[in-house]
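Listed below are the residues making up each chain.
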Amino acid sequence: MKHYIIVKFKSGFDYMSFLEDIKDIFAQTLEIEGVSGVDVKKSNSERENRYDLMIEMTMEKSALPLYDISEPHILWKKKYGEFIEKKAIFDCDSF
C-alpha cells in the first residue's frame, strides 16, 4: 500500500532548513518490518493555498500499526508537530 503524509507548515517556519533532518527521520522507517520505500518531496509551488511537503511511503498494510508506534514517527511528531498548520493522511493500494 501507499501511505501519504501531506503537510502544510505554519507561516514563518523555514522547513527547508530542516529538510535533510526530515528525510533522515523518514529514512529510518525503512527499518520497520513491511516498509519498503520512502520518498520525501517538497512542493515546487510558492502559492499560499498549496501544501509544502509530501512523504510517500510504500508498505504492507500490516506495517501501518508498527509505523504508528515507531521511534521515527514519534520523533517526527515531537520535533515538527508544533510547526504543522495542517496535514492530510491518505492510504491507498499500490498499483
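Just above sits the structure.
Everything quoted here is computed from the prediction, not taken from an experiment.

How each quantity is defined
Every chain is numbered independently, its residues counted from 1 as its sequence is written. Reporting in this predicted model follows two pLDDT cut-offs: at least 70 for local features of residues, and 80 or more for side-chain atom pairs to be given and counted; totals over whole chains, interfaces and linings ignore these cut-offs and use all residues. In computing side-chain values, all of the structure's heavy atoms are included and hydrogens and water are not. For helices the rule is a DSSP run of H or I covering at least 4 residues; for strands it is a run of E covering at least 2, with both sets numbered from the N terminus onward. We compute the radius of gyration over the C-alpha atoms and compare it with the globule rule, which gives 2.2 Å times the number of residues raised to the power 0.38. To sort residues, take the accessible area from a 1.4 Å probe on protein chains only and compare it with the maximum for the residue type: under 20% means buried, over 50% means exposed, and anything in between is partly exposed. Contacts are assigned to residue pairs with any non-hydrogen atoms lying within 4.5 Å of each other. Here the Shrake-Rupley method, with its probe set to 1.4 Å, supplies the accessible areas, and only the displayed protein chains count as covering residues. What makes a nonpolar core is a set of buried Ala, Val, Leu, Ile, Met, Phe, Trp, Tyr and Cys residues whose side-chain atoms join them at distances within 4.5 Å. One bridge is not enough; two strands pair if DSSP finds at least two bridges between them. Note on geometry: axes are C-alpha line fits, over the in-contact stretch for helices, and angles between N-to-C directions span 0 to 180 degrees. Directions drawn from the helix axis to the C-beta atoms are what define this arc.

**Examining the overall build of the chain**
Helix and strand counts for the chain stand at 3 helices and 4 strands. The secondary structure elements of the chain, listed N-terminal to C-terminal, are β-α-β-β-α-α-β. Here the C-alpha atoms of the chain give a radius of gyration of 13 Å, agreeing with the 12 Å that 2.2 N^0.38 yields for 95 residues. Expressed as lengths along the three principal axes of its C-alpha atoms, the size of the chain is roughly 35 × 30 × 20 Å. For the chain, buried positions account for 37% of its 95 residues. Long-range contacts, defined here as pairs at least 24 residues apart, represent 73% of the contacts in the chain between residues at least 6 apart. Accessible surface computed for the chain: about 6,100 Å², of which carbon and sulfur atoms make up 50%.

**Quick notes on the environment of Tyr80**
Along the chain, the position of Tyr80 falls in helix α3 (residues 71-80). C-alpha separation for the pair Tyr80 and Phe9, spaced 71 residues apart in sequence, amounts to 9.0 Å.

**A word on the nonpolar core**
Counting residues in each nonpolar core, the largest one holds 23 residues, and the members touching the most others are Phe9, Phe26, Leu53, Ile55 and Trp76. Of all the secondary-structure elements, those providing two or more residues to this core are β1 (2-9), α1 (19-27), β2 (35-42), β3 (53-59), α2 (64-68) and α3. Non-local contacts of Phe9, meaning those with residues more than four positions away in its chain, are made with Tyr15, Ile22, Asp52, Leu53, Trp76, Phe83, Ile84 and Glu85.

**Topic: the side chain of His3**
Among the secondary structure elements, His3 is positioned in strand β1. Every residue in contact with His3, bar those within four places of it in the chain, is listed here: Ile55, Glu56, Met57, Met59, Leu64, Tyr67, Ile89, Phe90 and Asp91.

**A few points about the sheet that holds β2**
Pairing within the open sheet is antiparallel, and its 4 strands lie in the order β2-β3-β1-β4. In the strand order of this sheet, the two ends are held by β2 and β4 (84-92), each with one partner. Adjacent strand axes in the sheet meet at a mean angle of 15°, parallel and antiparallel pairs treated alike. With 7 bridges joining them, β2 and β3 adopt antiparallel strand pairing.

**A short note on α3**
Of the positions making up α3, those classed as buried are Pro72, His73, Trp76 and Tyr80. One face of α3 carries all of its buried residues, which in axial projection span an arc of 100°. Along α3, exposed side chains directed more than 90 degrees from the buried face belong to Glu71 and Lys78. Where α3 is buried, its residues touch β1, α1, β3, α2 and β4.

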